[in-house]
Amino acid sequence: MGIVERRERLKIQVRSDIIKTAKDIAREDGWTAVSIRKIAEVIEYSPPILYEYFESKDKLLEAVRIEGFDYLQGEFIKIKGHFSNAEKQLVEVAQCIWNFAVENPEVFQVMFNIEGAFCDSKKVYSQTMNIKGNPVWEMISRVRPKAGELVTKTYYEWWCMTYGFISITMTTQPRYALAQAESVYMDSVRRFIKSLL
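Residues numbered from 1 in each chain as written. Predicted model: local features only at pLDDT ≥ 70, side-chain atom pairs only at ≥ 80, totals over all residues. Heavy atoms only, no water.

Q: Hey, could you go over the overall build of the protein chain for me, with residue numbers and the actual values?
A: Across its full length, the protein chain carries 10 helices and 0 strands. Mapped in sequence order, the helices and strands of the protein chain form the string α-α-α-α-α-α-α-α-α-α. When its C-alpha atoms are laid out on the principal axes, the protein chain stretches across 55 × 45 × 25 Å. Scored against the burial criterion, the 197 residues of the protein chain give a buried share of 43%. Considering only contacts in the protein chain between residues 6 or more positions apart, those separated by 24 or more positions represent 68%. By element, 53% of the accessible surface of the protein chain is carried by carbon and sulfur atoms, the whole surface being about 11200 Å². Mean positive and mean negative side-chain charge positions of the protein chain (27 and 26 charges, respectively) differ by 5 Å. (Helix = DSSP H or I, 4+ residues; strand = E, 2+ residues; numbered from the N terminus. Buried < 20%, exposed > 50% of the residue type's maximum accessible area, 1.4 Å probe, protein only. Contact = heavy atoms within 4.5 Å. Areas by Shrake-Rupley, 256 points an atom, 1.4 Å probe, with all protein chains shown as cover. Lys, Arg positive; Asp, Glu negative; His and termini not counted. Charge placed at Lys NZ, Arg CZ, Asp CG, Glu CD.)

Here you go:
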């Protein structure tokens, strides 16, 4: 391996370490406790080096947000390939979103600007909502094949129901109440899917 490749690999590793450390701090103390200086202390780099990777906390949060949506998109594609029935796919997608939020609350907070994790960038929303090649939009279009433009409207409603339900639950309910909230959420998802048929 040459020097250029080694440097590039090191850059990727340091960037990954910065993001991981930010998420670790947020999981323990909340996003308001995360700062470039605090991350630098933990990973033992000087703040100016970290600013070479992320010029601000907002840029760091944007990277976390993108990572979260990219991960979910990959899972949705796997679900689409694994199950042939579109209704079952949507149930699995909803469960996947729930599981992700419960297992990675600090990432979900950044994805939706909750619990002090404010990120100004909205670029990833437009990319994720884009219907071209969107597995969830395609699942909905299979449930509502004759709905035409209503598919996009229904996709927006799906977003509001799934992500909105979880966001509201996370911000208003204590952590121990999530187990009870999950069954309410999944019942709502199933009713929503039935309403499309």
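Having seen it, we continue.
Q: Can you break down the pattern of salt bridges residue by residue, with the values?
A: Should their charged atoms come close, side chains of opposite charge can pair. What the rule picks out here adds up to 9 salt bridges. With a closest N to O distance of 3.0 Å, Lys 78 and Glu 75 form a salt bridge. Here Glu 75 and Lys 78 lie together in helix α4 (residues 57-82), a separation of 3 residues that amounts to about one turn. Accessibility expressed as a relative area gives 56% for Lys 78, which makes it exposed. Judged by its relative accessible area of 18%, Glu 75 is buried. Here Lys 80 ties to Glu 138 by a salt bridge, and the two come within 2.4 Å at their closest N and O atoms. Here Glu 138 lies in helix α8 (residues 135-143) and Lys 80 lies in helix α4, a separation of 58 residues in the sequence. Residue Lys 80 is classed as partly exposed on the basis of its relative accessible area, which comes to 35%. The exposure class assigned to Glu 138 is partly exposed, which follows from its relative accessible area of 22%. The structure contains a network of salt bridges with shared partners spanning Lys 59, Glu 62 and Lys 123. (Salt bridge = Lys/Arg side-chain N within 4 Å of Asp/Glu carboxyl O.)

Q: Please give an account of the packing of aromatic side chains that cites residues and values.
A: Two measures describe an aromatic ring pair: the distance that separates the ring centres and the angle between the ring planes. Evaluated as defined, the whole model comprises 14 aromatic pairs. Ring centres of Trp 158 and Phe 192 lie 6.0 Å apart, and the angle between their planes is 50°; on these two criteria the pair is classed as tilted. Placement of the pair is Trp 158 in helix α9 (residues 150-172) and Phe 192 in helix α10 (residues 178-196), with a sequence separation of 34 residues. Each member of the pair, Trp 158 as well as Phe 192, is classed as buried. (Phe/Tyr/Trp six-rings, centres within 6.5 Å; stacked < 30°, edge-to-face > 60°.)

Functional significance is not addressed by these values, which are geometric in nature.
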